[in-house]
Amino acid sequence: MPPQPAPTPMRRAVTQLDHRIEAVTGHDIDTLWAYRDRGVLDEPHAQMVDRHRTLASAQIGVTFYLKLLNRLTSGEFSVDGALFVRIDRTVDHLAEATDARDAAAQRVLAALEPIEAAAAASMPDGPPLSTDDRAALLAIAGGAKLHEHLLTGRASVTAASGTRISYCQMQKLDRAGLIVRDTSHPVHAGQPVSLTDAGRAALLDARRTPTTHAPKSPARPGASPSTPAKRR
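Residues numbered from 1 in each chain as written. Predicted model: local features only at pLDDT ≥ 70, side-chain atom pairs only at ≥ 80, totals over all residues. Heavy atoms only, no water.

Enquirer: Sorry if this is basic, but what is going on with the packing of helix 1 (residues 18–25) against helix 3 (residues 43–72) here?
Expert: Taken N-terminus to C-terminus, the directions of helix 1 and helix 3 make an angle of 160°; their axes are 12 Å apart at the nearest point. The orientation of helix 1 with respect to helix 3, classified from their angle, is roughly antiparallel. Classified by chirality, the crossing of helix 3 by helix 1 is left-handed. Where helix 1 approaches helix 3, its residues Asp18, Ile21 and Thr25 are matched on the opposing element by His45, Met48 and His52. The residue inventory of the contact of helix 1 with helix 3, partitioned by class, reads two nonpolar, three polar and one charged. (Axes fitted to C-alpha atoms, helices over the stretch in contact; angles between N-to-C directions. Helix = DSSP H or I, 4+ residues; strand = E, 2+ residues; numbered from the N terminus. Parallel < 35°, antiparallel > 145°, perpendicular 65-115°, else oblique. Left-handed = near helix turned anticlockwise from the far one by under 90°. Contact = heavy atoms within 4.5 Å. Nonpolar A, V, L, I, M, F, W, Y, C, P; charged D, E, K, R; others polar.)

Set out below in structure tokens:
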């Protein structure tokens, strides 16, 4: 018997709160779900993402029964008593799924609104993370240790993913209060390094560095206009 093809994974359902969540966090939903799985999020954001996953699952139920109802009323089936029974049953299921979806949305809002309020009240107190610093914090979020070589005295940070972070960069993040070392462990044996609450919040900072464009130089007399660059 030939092997059965693997089932196609179901796409994540889009919910009515996706836009607000992405706006306040500065990340798309898929990224937030990935951060949750990696343990990057602080408790308020983790709770919001968990509730959003429940909402997305409930939305799948609404979509399923709505599509079924559309099919039943499309003219594909004979119009008889059995069809009316199926339509009535589907409408009942759709109503139940909608109630479950709405209840899940309210739970997401209960977790989302305090985050929106905190974001509105906070004032920028420094520049956004550089690409290198963000990558370092993401690596440290998955687990990292500071080691010091017994003979050379050289210190280095190695993440559980295998990523190496320079000691200089680690010191920079430490001074900024974004990471913390567990000094109860000796450095030569490996000193655990983890994110602080400020470090987790920095990864969720929605601020973006403004993009500046250099002024165009005037065209030479008689020169034809250059072809516009294609957008990626």
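Now that the structure has been shown, the text picks up again.
Enquirer: Got a minute to help me understand the pairing of strand 1 (residues 144–148) in this structure?
Expert: It is a general feature of regular strands that their side chains alternate between the two faces of the sheet. Judged from the five bridges that link them, strand 1 and strand 2 (residues 155–159) form a sheet pairing that is antiparallel. Along strand 2, the bridge assignment pairs Glu148 with Ala155. (Pairing = 2+ DSSP bridges.)

Enquirer: I'm lost on helix 2 (residues 29–38) in this one. Help?
Expert: Structurally, the α-helix is built with 3.6 residues per turn, so residues lying three or four positions apart point the same way. Turning to helix 2, its buried residues number three or more, namely Ile29, Leu32, Trp33 and Tyr35. Projected onto a plane normal to the axis of helix 2, the buried residues spread over an arc of 160° and lie on a single side. Those residues of helix 2 hidden inside the fold are in contact with helix 1, helix 3, helix 5 (131–141) and helix 7 (197–203). Sitting at the head of helix 2, Asp28 places a side-chain oxygen 3.2 Å from the backbone nitrogen of Asp30. Once helix 2 finishes, Gly39 follows within two positions and takes phi at roughly 80°, a positive value. (Buried < 20%, exposed > 50% of the residue type's maximum accessible area, 1.4 Å probe, protein only. Arc of directions from axis to C-beta. Polar contact = N/O pair within 3.5 Å; in protein donor to acceptor, adjacent residues only side chain to side chain.)

Enquirer: Just to check I follow, could you spell out helix 1 for this structure?
Expert: Listed in full, the buried residues belonging to helix 1 are Asp18, Ile21, Val24 and Thr25. Down the axis of helix 1, the sector holding all buried residues measures 145°, keeping them to one side. Facing away from the buried surface of helix 1 by more than 90 degrees, the exposed residues are His19 and Ala23.

Purely geometric numbers; function is a separate question.
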